[in-house]
Amino acid sequence: MARVLILGAGISGHTAALVAKRKLGKHHEVVVVSPNTNYQWVPSNIWVGVGRMTTKQVIFPLAPVYKKQGIIFKQAKAISIHPEGDASKSKQFVKIQYVVGDMKGQEEKVEYDYLINATGPKLNFEAVEGSGPEFYSNSVCTYDHAAKTWSDLQKCFEKMEKGEKQRFLVGTGNGTATCQGAAFEYALNITFEIRRRKLEKFAEVIWISNEYELGDFGMGGAYVKDGGYITPTKIFTESIFKEYNVKWITRSAVQKIEPGIAYYENLEGEKKSIEFDFAMLLPGFAGVGLKAFDKNDEDITAKLFAPNGFMKVDADYTPKPFEEWKASDWPSTYQNPTYGNIYACGIAFAPPHPISKPMKSKNGTEITATAPRTGMPSGVMGKIVAQNIVEQILTGKEEHRHRASLAGMGAACVISAGYGFRGKAATMTVFPVAQDWEKYPKWGRNIKYTIGEVGRAGHWFKWAMHYLFIYKAKAKPFWWLIPE
Ligand SMILES: Cc1cc2nc3c(=O)[nH]c(=O)nc-3n(C[C@H](O)[C@H](O)[C@H](O)COP(=O)(O)OP(=O)(O)OC[C@H]3O[C@@H](n4cnc5c(N)ncnc54)[C@H](O)[C@@H]3O)c2cc1C
């Protein structure tokens, strides 16, 4: 009997767990270690953050789903990986610490034959003084953040209803943050809610981001087919912001936040500040801080993880200038190069480099939109990692028939702009996510499948996705027929 141990029950880890168990059946064990009680469908946190969905609508408890599927669930936090065992145990294991119940605070060594690290990001608010929901800016990264954000937003609406002007600052709260798509979506949803309440004359919505140009989205921008024309995402995004009356500041790194004021530096090296009444600024991401030790208890964290805390996989990490980046730098199996039975998928893997050209201000501050870490590729990675592990267990052969490189995989980003029947969405599909200039010398991507569109259809699709993906995550009948 083999044991597959999965760390993290987000989009990537949960997908991996369901796929692995379905294919392995009763003869092998699938164990999930995750600190959260609930699964959350993160993309719908946007709607929680504008009060259009409750937190209950975007979450469900994991334990009953895992029980029904025969997956062992340990509500705990992984602390360290011991890929060679230790002096007392010859088999490889992960040290975990329980976070709830009678076992709370207790540690346990969980052995594995195959390990999948799908621990997602640490939301690195500490990197920017005063940022985050515990201080002076908001976030929609988790459902409880989004609920607090909505509570703060409501107070602004109440003030506007009394005739008080309010300034909303939305974007990235760190020079190297990613997830611009989510912040963009939140900005559009705020403006939709302001218009719905007929409060436009009291509102000023300002976008701030580390992108070199609007529409960079951490993927170096894109050329999209829009109504038969090839349009750069810069123009596509600018025209949406114009329509929604959103002003913008780009090429900027937020460096400090105080109550009602954000301090930032731009690529020119100028230090500036902007006042706000409400700020939703997404943090930078880092790895969750797992450690690793060899059989002699020597710290080998740097062997398994990149300096940013994300796990090394089959990427080409050789430092090289932007001009020499290649599609083949991107990993496709997510296998750790040192320990072949360890994999990292979703946000947990270390990308070889950003996709957008790295930029530094005149003072040396990094101001670069880092590579997008979206849900669709995270789900696909979880699935192919599980499929490859299952095949190794069932055949005994170390093959990787299933591959999913960001330079060979598309992604759809549906950016809702409002809720209900009057909502619209900006839909963008890019193929591939990371440009491949050798294969697609003209546009860097396959222009046939790289499309941008604004309309109601995308919005309904996003709405349907919410229900469909929660259905799938609950492992309801025929869940596996729904794609990632
Ligand atoms: C507001 C918002 C909107 C978004 N909208 C979209 C969208 O519309 N479309 C899209 O494609 N993508 C979207 N994304 C991105 C998408 O949510 C992420 O790509 C996806 O959640 C990544 O999945 P993951 O499994 O890698 O990480 P996560 O979903 O973050 O899951 C990580 C898991 O690991 C667990 N964990 C953490 N530390 C430990 C530990 N020490 N031990 C064990 N477990 C641990 C966590 O509790 C969690 O269960 C959005 C993101 C945000 C923030």
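Below or above, wherever it landed, is the structure these notes cover. (Residues numbered from 1 in each chain as written. Predicted model: local features only at pLDDT ≥ 70, side-chain atom pairs only at ≥ 80, totals over all residues.)

1. Things to note about the overall build of the protein chain
Turning to step 1, where the next piece is worked out: Each helix and strand in the protein chain was counted, giving 10 helices and 25 strands.
Turning to step 2, where the next piece is worked out: In terms of overall dimensions, the protein chain is globule-like: its C-alpha atoms have a radius of gyration of 22 Å, near the 23 Å expected for 484 residues.
Turning to step 3, where the next piece is worked out: Taking the principal axes of the C-alpha coordinates as reference, the protein chain spans close to 65 × 50 × 45 Å.
Turning to step 4, where the next piece is worked out: Taking all 484 residues of the protein chain together, 50% fall into the buried category.
Turning to step 5, where the next piece is worked out: Contacts in the protein chain between residues far apart in sequence, at least 24 positions, make up 67% of those at least 6 positions apart. (Helix = DSSP H or I, 4+ residues; strand = E, 2+ residues; numbered from the N terminus. Rg over C-alpha atoms; globule rule 2.2 N^0.38 Å. Buried ≥ 20, exposed ≤ 12 C-beta atoms within 10 Å, placed from the backbone. Contact = placed C-beta atoms within 7 Å.)

2. Some details on the environment of Lys 462
Turning to step 1, where the next piece is worked out: In this fold, Lys 462 is placed in helix α10 (residues 456-473).
Turning to step 2, where the next piece is worked out: For Lys 462, the residues in contact, after removing those within four places along its chain, are Val 414, Ser 416 and Ala 425.

3. Topic: the pairing of strand β19 (residues 278-282)
Turning to step 1, where the next piece is worked out: In terms of burial, β19 is largely enclosed, as 5 of its 5 residues are buried.
Turning to step 2, where the next piece is worked out: Side chains of β19 alternate between two faces, with Phe 278, Met 280 and Leu 282 and Ala 279 and Leu 281 buried alike.
Turning to step 3, where the next piece is worked out: Looking at chain direction, strand β11 (residues 166-172) and β19 are connected through 5 bridges and run parallel. Following the sheet pairing, Gly 171 is matched in β19 by Leu 281. (Pairing = 2+ DSSP bridges.)

4. Thoughts on the site of the ligand
Turning to step 1, where the next piece is worked out: The immediate surroundings of the ligand are formed by 35 residues, with Gly 8, Gly 10, Gly 120, Gly 346 and Gly 375 found nearest.
Turning to step 2, where the next piece is worked out: If you list the elements that add at least two residues to the shell around the ligand, you get α1 (11-24), α2 (45-48), β6 (76-82) and α9 (375-395).
Turning to step 3, where the next piece is worked out: The residue inventory of the shell around the ligand, partitioned by class, reads 20 nonpolar, 13 polar and 2 charged. (Near = placed C-beta within 6 Å. Nonpolar A, V, L, I, M, F, W, Y, C, P; charged D, E, K, R; others polar.)

5. Describing the sheet that holds strand β15 (residues 246-249)
Turning to step 1, where the next piece is worked out: Reading across the sheet, the 4 strands line up as β15-β12-β11-β19 and stay open at both edges, with parallel pairing between neighbours. Among the strands making up the open sheet, the edge pair consists of β15 and β19. Here the strands of the sheet are splayed against their neighbours by 20° on average, with no regard to which way each runs.
Turning to step 2, where the next piece is worked out: Pairing of β11 with strand β12 (residues 203-208) involves 6 bridges; the strand directions are parallel. By the bridge assignment, Arg 167 is partnered in β12 with Glu 204.
Turning to step 3, where the next piece is worked out: Against the sheet, helix α5 (residues 143-161) makes contact with β11, β12 and β19, and its axis sits at roughly 150° relative to β19, the strand it touches most. (Axes fitted to C-alpha atoms, helices over the stretch in contact; angles between N-to-C directions.)

6. Overview of helix α4 (residues 62-69)
Turning to step 1, where the next piece is worked out: Here α4 has its buried residues at Leu 62, Val 65 and Tyr 66. Considered in projection along α4, the buried side chains sweep an arc of 95° and stay on one side of the axis. Exposed positions of α4 whose direction lies more than 90 degrees from the buried face are Ala 63, Pro 64, Lys 67 and Lys 68.
Turning to step 2, where the next piece is worked out: Packed against the buried residues of α4 are β2 (29-33), β3 (38-40), β4 (59-61) and β5 (72-74).
Turning to step 3, where the next piece is worked out: Where α4 ends, the next residue or the one after it, Gly 70, has phi of about 80°, a positive value. (Arc of directions from axis to C-beta.)

7. Structural notes on unusual backbone geometry
Turning to step 1, where the next piece is worked out: Between Phe 431 and Pro 432 the backbone carries a cis peptide bond, its omega angle lying at -10°.
Turning to step 2, where the next piece is worked out: Looking at the element boundaries, Pro 432 is found in the loop between β24 (424-430) and β25 (451-455).
Turning to step 3, where the next piece is worked out: Here the phi dihedral of Phe 478 falls at roughly 60°; this positive angle occurs in a residue that is not glycine.
Turning to step 4, where the next piece is worked out: Tracing the backbone through its elements, the reader meets Phe 478 in the segment after α10.

8. Some points on the pairing of strand β13 (residues 223-226)
Successive side chains on a regular strand alternate, one facing one side of the sheet and the next facing the other.
Turning to step 1, where the next piece is worked out: When β13 meets strand β14 (residues 229-232), the two strands line up antiparallel, connected through 4 bridges. Across the sheet, the residue bridging to Val 224 is Thr 231, located in β14.

9. Considering the sheet that holds strand β17 (residues 261-266)
By way of backbone hydrogen bonds, the strands of a sheet pair with one another, either parallel or antiparallel.
Turning to step 1, where the next piece is worked out: Strand order in this open sheet of 3 strands is β16-β17-β18, and the pairing throughout is antiparallel. Edge strands, defined here as strands with exactly one partner in the open sheet, are β16 (252-258) and β18 (271-275). Neighbour to neighbour, the strand axes of the sheet diverge by 30° on average, direction disregarded.
Turning to step 2, where the next piece is worked out: In this structure, β16 lies alongside β17, joined through 6 bridges in antiparallel fashion. Looking at the pairing, Lys 256 lines up with Tyr 263 of β17.

10. Brief notes about α10
Turning to step 1, where the next piece is worked out: Here α10 spans 26 Å end to end across 18 residues, near enough to the 26 Å set by a 1.5 Å rise per residue.
Turning to step 2, where the next piece is worked out: On its buried face, α10 is in contact with α1, β3, β23 (411-417), β24 and β25.
Turning to step 3, where the next piece is worked out: Once α10 finishes, Ala 475 follows within two positions and takes phi at roughly 55°, a positive value. (Expected span 1.5 Å × (residues − 1).)

11. Points about the nonpolar core
Turning to step 1, where the next piece is worked out: Counting residues in each nonpolar core, the largest one holds 138 residues, and the members touching the most others are Ile 6, Ile 116 and Cys 345.
Turning to step 2, where the next piece is worked out: Element by element, the count of residues in this core is highest for helix α6 (residues 180-196), at 9 residues.
Turning to step 3, where the next piece is worked out: Here Ile 116 is in contact with Val 4, Ile 6, Leu 7, Gly 13, Ala 16, Tyr 343, Cys 345 and Val 385, once residues within four sequence places are set aside. (Core = buried A, V, L, I, M, F, W, Y, C linked by C-beta atoms within 7 Å.)

12. Let's talk about the packing of α1 against α9
Turning to step 1, where the next piece is worked out: Contact geometry of α1 with α9 gives a least axis separation of 8 Å together with a crossing angle of 30°. By the criterion of interaxial angle, the relationship of α1 to α9 is roughly parallel. The two elements α1 and α9 meet at a crossing, and its hand is right-handed. On α9, the residues touching Ile 11, Ser 12, Gly 13, Thr 15, Ala 16, Val 19, Ala 20, Lys 23 and Leu 24 of α1 are Gly 375, Ser 378, Gly 379, Met 381, Gly 382, Lys 383, Val 385, Ala 386, Gln 387, Ile 389, Val 390 and Ile 393.
Turning to step 2, where the next piece is worked out: Class assignment for the residues of the contact of α1 with α9 results in 11 nonpolar, 8 polar and 2 charged. (Parallel < 35°, antiparallel > 145°, perpendicular 65-115°, else oblique. Left-handed = near helix turned anticlockwise from the far one by under 90°.)

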